[in-house]
Structure formats: C-alpha cells, structure tokens
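Now for the letters of each chain:
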Amino acid sequence: MVLLEIARLAQDRGVRNIDLELVRLAAIAAFVEHGHHTVHEVLTSAQMWAAHANVGDKLTYDNSYRRYRSISPLTEPELRGVVPSSRFPDERMNKPDFSASAARHPVPAAPSTLLHPQQAVPAVRRHANEMNYASVRR
C-alpha cells in the first residue's frame, strides 16, 4: 500500500507515466522474493488501497482458484511462462470435483477457530511454568 501511495503522490506532483499495475508487480517481485509477503497479500492490499484511494478498477484482484491467471498487465501466456512446469495451481489440483464453475467462486475463508492473541497468552504462561521456563513472559 505504501508503494502505491508513493506512486500516486508522485503523480499528483507532476511525475508522468507511473503505471500503478507495474508498481504492484514490482511489489510482488520484491516482497515475495524476500519472503515478506505472499502474492495474495500484495494483490489484496493493492485492491484495498485502490478502493480507498479511488483510482479506478485497474488494480482489481480475482480472489478465486484462477487468481494467478489474471495479474495485469501480464497476460495469461506470460504468467504461464513464469510458473514451473507451465501449469497453474488450479490445474495441478487434480480434484475430481473441481470444475470450471467452482473455479469462478472465491476461495473459502480460513477457519475462524484461531485464538485471539490475548486468549493465547495464559496458555503460553501455563506451558512455560510447566516446563520451568520462568523467564518466558508475554
């Protein structure tokens, strides 16, 4: 989001020809390469930033099983060339019930069974006391 905001501010101050889609690709390249974020996180945050900054629909994100096929400005054949074995993840799933109609639906949300961090603290303290790690704190 910060990179996109900097690019927008540069455009507002007269810098021409800044393509926000290319800035998003640069963020994917930098953050995924170094393990800071996933492609999904970069694409989701770019879409959220675009909605907040009212810059149009150039940074939309198809959050479905076919998500890696549509990262503009790259075309599907260009993206296929980046993928090992030239097969997208949805093609590698090999599930018998996976169909074209299922591919258009959003990916199911993660289960909401995760503990809130504040709820997890007593369990950590209890485990630390059982293991005689008195120095482990919140």
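Residues numbered from 1 in each chain as written. Predicted model: local features only at pLDDT ≥ 70, side-chain atom pairs only at ≥ 80, totals over all residues. Heavy atoms only, no water.

Undergrad: Outline the nonpolar core, supporting the account with residue identities and numerical values.
TA: Judged by nonpolar contacts, Leu-25, Ala-27, Ile-28, Val-39, Val-42, Leu-43, Tyr-61, Ile-71, Leu-79, Val-83 and Phe-88 together constitute the single largest core of 11 residues. Mapped onto this core, the elements with two or more residues apiece are helix H2 (20-33) and helix H3 (39-53). When near neighbours in sequence (up to four residues on either side) are disregarded, Leu-25 contacts Ile-71, Ser-72, Pro-73 and Leu-74. Grouped together as the second largest cluster of nonpolar side chains are 9 residues, Leu-20, Ala-46, Trp-49 and Leu-59 included. (Core = buried A, V, L, I, M, F, W, Y, C linked by side-chain atoms within 4.5 Å. Buried < 20%, exposed > 50% of the residue type's maximum accessible area, 1.4 Å probe, protein only. Helix = DSSP H or I, 4+ residues; strand = E, 2+ residues; numbered from the N terminus. Contact = heavy atoms within 4.5 Å.)

Undergrad: How would you summarise the pattern of salt bridges if you had to cite specific residues and measurements?
TA: One side chain can pair with another of opposite charge once the charged atoms of both are near each other. Scanning the model with the defined rule gives 5 salt bridges in all. A salt bridge links Glu-76 to Arg-69, with the nearest nitrogen and oxygen atoms 2.8 Å apart. What makes Glu-76 partly exposed here is its relative accessible area of 29%. Judged by relative accessible area, which is 11%, Arg-69 ranks as buried. The shortest N-O distance in the salt bridge between Glu-76 and Arg-80 comes to 3.5 Å. Here Glu-76 and its partner Arg-80 are both found in helix H4 (residues 76-82), 4 residues apart, which amounts to about one turn of the helix. Put simply, Glu-5, Arg-8 and Asp-12 are held in one network by salt bridges that share partners. (Salt bridge = Lys/Arg side-chain N within 4 Å of Asp/Glu carboxyl O.)

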